[in-house]
Amino acid sequence: MELTRRHMLWLGGAIGAGALLTACGGDGDEEPNAAAGGGSAEPVKGGTLRVGALGRAGAITRDPHGSQANESDYLILSLIYDTLTVPGTKPNTEPRLAASWKASDDLKTWRFTIAKGAKFHDGSPVTADDVVFSLKRLRATPAGASRLPGIQAKNISADGTDTVVIVSDYANAELPLLVRLTTFVVPKGTTDKNIAKAPGTGPFKLDWFRSGNARLVRNDDWYGGDVHLDAIEVKIFESPQAMASALLAGQIDLASNVGAVAARTAESRKDIKTVRRPNDMAMPIVLRTADGPFADAKVREALRLAVDRDTMVKQVLSGYGTVANDILGTGDPAYDKSIPQRTRDLAKAKQLLKEAKFDTSKTYELYTTEDIAGLAESATLFATQVREAGVKVKVVKQESATFWDKTWLKGDLYTTYWGTNDSVVFFASKTMVSDSGTNEAGWKDKEFDTAYQKAIGTADASERTALLKQLQQIEHDSSGYLLWGMADGIDLAGSKVNGLPTLPGYGRVQLERAWLAR
Amino acid sequence: MAGPLTADTAAPAGPSPHGEKARRSRAPLALLAARVGLVVLKRATLLAVLLALVFVTVELLPGDAADATSERGESAADTEARRRLLGLDRPVLERFWDWMSGLPTGDLGVSARGEKVSDLLSSAFPNTLLLGGLALLLTAVISLALGCWAALRPGGRVDRAVSGTATAVLALPEFVVAVALVLLLSLWTGWLPAVTLTDADGTPADWTMLILPVLALTVPQAGWNVRIVRAALADEARAPHVETAVLDGLPPHRVLTHHVLPGALPTITAGLATSTGMLLGGAVVVETIFNHPGIGSVLASAVTDRDSPVIAGVTALSGAVITGVLLLADLVRDMTAGGRR
């Protein structure tokens, strides 16, 4: 799984709860024919969809396994190349180039079967060798170990022409989810020099690419079903403001991930659709548990009670978001909605602080950055709110590079953000299990570790769900995260655009079902 | 900038310049070339110092290119390996020297993401030059026209209106002008495209996309240059030969074009030339607002990435252009002034 630092992939996933759907789609401007919602009108074939996506000219990459900092690059790549699996609604992992998969009983050996009729754009069939080559190439990248966690290159092999066998170092029930968004497949033997010219297997073929802009034409031979659009033109935008202007002026049909500010600007325009994709971005506050002033679980509990979540969502996210309950992975079908929602309780917060003998005479520094919209604002509002519980917090805005170098994983109190929000297990494995590589709060909890190991080693779905609930309860009670809310992903589209995805994160790039009304 | 390119001796004040033609065309031409060479050398040195400063400044910023372009899942060891690969573990002056030694061959180095800097700039720089060039041209036309119009009747209604407006707009930052133009001429009226979108060849898909960014760059610069033109003309109007022309009963516009303007030209050219730097600087801002695919976005992203070779590449090219334009302006000044000495 790729997670670039500041323009991280917003790894996609499922829309979680029906409740969230209702909460977010209630204002009637939600795309009615969204992929997740099912269409009422019959799709029309033809037309060119002009899509704007964010990207920086200096960070452009054509490599499907490269460091994709640009959303525009990722969009282009994901339309040309296919991954083994893709994000879905429910379940959160759906087949793509891998038509099916099966695990061994110990959940270590996974066999992926390649979709029948899958062909590269040059006509040659996709073989297991191509997939093995691509996975090994991905594993060899600098972040390969985190993109294919627990999978060594030597443990990726072909079995016949249509089966790929992956052996994980440990039992991992979430492996199909982990190969969702980065496992782009290119023909075997593609050299680094020719990577930009490598044919893909995806729903669209490359017509031309220039300086981050591209035109893609329909792949009539795609194995994945009907593609309606004749072509997609991807335009790179450095700023969301310019992208919004382009949409409002009718120069593009879809402004991908343009954000809440643009959505508010466009509210008065009847000819513009706002597509809200819930559970897109988590911006939790990290309270260090290993040592320091927040090591006492009571202090963390107090701060969680001191924050006014509704106001945070309203002000920081302009209302384009939902309240959260200190559990990460809100879009997971296994997300536990039965755990009571934590609400503001200043009296209890003060009492807990007293019990913990928390030093309220001191001022604590909360480190933040301006990496993504709303992050610094969330820190400022949080500081204002906890002051009412007697905790003095001073917000320190850090330059991005400094933050990731000096504060991340080390600080006592800081903001972070994550774009993969459809998997409880993803966060547990990445940020909460004692020995996880990016344990942001330095959290070590034996009970949690045990629950996690059991959950990912359990094949039975209902048993697993029960174990995951246990895991989420522990996280809710004592982890180092204060997750006040979840930001919606927001796309703006012209009135003729239909069939857009409503998945959070990079689920938004699945434009193969989009169509244009005449 | 540097002193006159031609020494006074190079333009002998003979009673009849035509008679001197044979002598002037050889020796002074060589002298002129030598002087141009000297000035170019001086400015190239200045540019080299500036480029060294770029490297040092980027070094002083927190974090480095290896950090800035790393991925969240990347281990410290992997980042360290990339740091070595990018040569960032070497002293800054050594890296600067490496980069400089490639410059004469046109090699601008490799970006932190492994792209050739010359590739990054190959379509971006011409786009910025086109934008800046058009804006400079438009600035020249507008400022000359308005400046002359105002100077025809000093203190008159036109003069006051033009001078007042010029002062007002020269204080407007480019981004204010740009945002206002987008709202007015695109989003409200729908007359012009709001942003620049490019074709397969990397150039704007439609020429109308250039109008708004060029205007946004031109307006503040035109304000500045109208003031200069107006002032230069007023100065020149007090010269004795102009007074003579007026007393001879020549019509005002003839006095303006044949007697005042030639004398004011050196100042006007110098004013326009200094605008080049402002135009290139303003282009960075304007390009972001209009999504114009120029060096602005490349530069902004390079600074984020702590990408010294890219920043230095942009600086070197812009520096070369500005130097070239200033040199041209100096030549114009010397040629016009030389004939009158």
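One structure accompanies this document, and this report is about it. What you see is a predicted model; the values in this text were computed from it and never measured. (Residues numbered from 1 in each chain as written. Chains lettered and ligands numbered in written order. Predicted model: local features only at pLDDT ≥ 70, side-chain atom pairs only at ≥ 80, totals over all residues. Heavy atoms only, no water.)

What follows deals with the overall build of chain A. Scanning chain A from terminus to terminus reveals 15 helices and 21 strands. For 518 residues, the compact-globule estimate of 2.2 N^0.38 gives 24 Å, and the C-alpha radius of gyration of chain A, at 23 Å, lies within 12% of that figure. The principal-axis extent of the C-alpha atoms belonging to chain A is close to 70 × 55 × 40 Å. Residues classed as buried in chain A amount to 63% of the 518 residues present. Charge centroids of chain A, computed over 63 positive and 64 negative side chains, lie 2 Å from each other. (Helix = DSSP H or I, 4+ residues; strand = E, 2+ residues; numbered from the N terminus. Rg over C-alpha atoms; globule rule 2.2 N^0.38 Å. Buried < 20%, exposed > 50% of the residue type's maximum accessible area, 1.4 Å probe, protein only. Lys, Arg positive; Asp, Glu negative; His and termini not counted. Charge placed at Lys NZ, Arg CZ, Asp CG, Glu CD.)

Once that is clear, we can look at the overall build of chain B. What chain B contains, in helices and strands, is 12 helices and zero strands. For chain B, the sequential pattern of α-helices and β-strands runs α-α-α-α-α-α-α-α-α-α-α-α. Expressed as a percentage of its 341 residues, the buried residues of chain B come to 45%. A fraction of 75% describes how many contacts in chain B between residues 6 or more apart in sequence connect residues 24 or more apart. (Contact = heavy atoms within 4.5 Å.)

Turning next to the interface of chain B and chain A. At the junction of the two partners, chain B supplies 39 residues and chain A supplies 45 residues. Approximately 3400 Å² of surface area, both sides summed, lies buried where chain B meets chain A, with 50% of it carried by carbon and sulfur atoms. Applying the counting criterion to the chain B and chain A interface returns two salt bridges. In this structure, Arg 56 of chain A and Asp 305 of chain B form a salt bridge, with 3.2 Å as the shortest nitrogen-oxygen distance. At the boundary of chain B and chain A, one finds 11 residue pairs in polar contact (both at pLDDT 80 or more). Listing elements by their share of the side of chain B that touches chain A, those giving two or more residues are α2 (65-68), α3 (76-85), α5 (117-152), α7 (174-188), α10 (252-290) and α11 (295-304) of chain B. Per-element tally for the side of chain B that touches chain A: the top contributor is α11 of chain B, with five residues. Class assignment of the residues belonging to the side of chain B that touches chain A gives a composition of 14 nonpolar, 13 polar and 12 charged. (Buried area = accessible area lost by both parts, 1.4 Å probe. Salt bridge = Lys/Arg side-chain N within 4 Å of Asp/Glu carboxyl O. Polar contact = N/O pair within 3.5 Å; in protein donor to acceptor, adjacent residues only side chain to side chain. Nonpolar A, V, L, I, M, F, W, Y, C, P; charged D, E, K, R; others polar.)

Here we take up the packing of aromatic side chains. Residue and element names in this part refer to chain A. Counted according to the given criterion, the structure contains 18 aromatic pairs over all chains. Measuring from centroid to centroid gives 5.8 Å for Trp 418 and Phe 427, while their planes differ by 80°, and the two rings are edge-to-face. The rings of Phe 403, Trp 404, Trp 408, Tyr 414 and Tyr 417 are connected pair by pair, giving a single aromatic cluster. Sitting over the face of the ring of Tyr 506, Arg 508 holds its NZ or CZ atom 4.5 Å from the ring centroid. (Phe/Tyr/Trp six-rings, centres within 6.5 Å; stacked < 30°, edge-to-face > 60°. Lys NZ or Arg CZ within 6 Å of the ring centre and 35° of its normal.)

Now for the side chain of Asn 498 of chain A. Residue and element names in this part refer to chain A. Relative to the helices and strands, Asn 498 is located in strand β20 (residues 497-498). Taking the relative accessible area as the measure of exposure, Asn 498 reaches 6% and is therefore buried. Polar contacts involving the side chain of Asn 498 include one to the side chain of Lys 273, which spans 3.3 Å. Within polar-contact distance, the side chain of Asn 498 engages the backbone oxygen of Lys 496 at 3.0 Å.

If you trace the backbone, Arg 113 of chain B turns up in the loop between α4 (92-102) and α5. Here the side chain of Arg 113 of chain B touches Asp 305 of chain B through a polar contact of 3.0 Å, side chain to side chain. Non-local contacts of Arg 113 of chain B, meaning those with residues more than four positions away in its chain, are made with Arg 56, Gly 58, Ala 59, Ser 67 and Ala 69 of chain A together with Ala 68, Thr 69, Asp 305 and Asp 307 of chain B.

All names here are of chain B. The complete set of buried residues in α4 reads Val 92, Arg 95, Phe 96, Trp 99, Met 100 and Gly 102. Across the axial projection of α4, the buried residues extend over an arc of 160°, all falling on one side. Away from the buried face of α4 by more than 90 degrees, exposed residues Leu 93 and Trp 97 are located. (Arc of directions from axis to C-beta.)

Further remarks concern helix α13 (residues 424-432) of chain A. Residues and elements named next belong to chain A. Within α13, eight of the nine residues are buried, which leaves it mostly tucked inside the rest of the structure. Of all the positions in α13, only Val 424, Val 425, Phe 426, Phe 427, Ala 428, Lys 430, Thr 431 and Met 432 are classed as buried. Against α4 (144-147), α5 (175-178), α14 (446-456), α15 (461-478) and β18 (481-482) lie the buried residues of α13. In this structure Ser 423 caps α13, since a side-chain oxygen of it lies 3.4 Å from the backbone nitrogen of Val 425.

Turning our eyes to something else, we now look at the pattern of salt bridges. According to the stated counting rule, one finds 40 salt bridges over all chains in the structure shown. A salt bridge links Asp 63 of chain A to Arg 137 of chain A, with the nearest nitrogen and oxygen atoms 2.9 Å apart. Placement of the pair is Asp 63 of chain A in the loop between β1 (48-54) and α2 (71-80) and Arg 137 of chain A in helix α3 (residues 128-139), with a sequence separation of 74 residues. The residues Asp 63 of chain A and Arg 137 of chain A share a single accessibility class, namely buried. Notably, a salt bridge pairs Arg 90 of chain B with Asp 98 of chain B, separated by 3.0 Å at the nearest N-O pair. Classification of Arg 90 of chain B by relative accessible area gives partly exposed; the value is 29%. Overlapping salt bridges bring together Glu 301, Arg 304, Arg 309, Asp 326 and Arg 342 of chain A as one network.

Before going further, it helps to spend a moment on unusual backbone geometry. Working note: non-glycine residues mostly have negative phi, and peptide bonds are mostly trans. Here the bond from Lys 90 of chain A into Pro 91 of chain A is cis, since omega is 5°, no more than 30 degrees from zero. The topology assignment puts Pro 91 of chain A in the loop between β2 (85-87) and β3 (93-95). The residue Asp 326 of chain A is not glycine, and still its phi comes out positive at about 65°. By secondary structure assignment, the location of Asp 326 of chain A is in the loop between β14 (321-323) and α10 (346-355). Owing to a relative accessible area of 0%, Asp 326 of chain A belongs among the buried residues under this scheme. If you check the backbone angles, Arg 306 of chain B has positive phi at about 55° while not being a glycine. With respect to the element layout, Arg 306 of chain B can be found in the loop between α11 and α12 (308-340).

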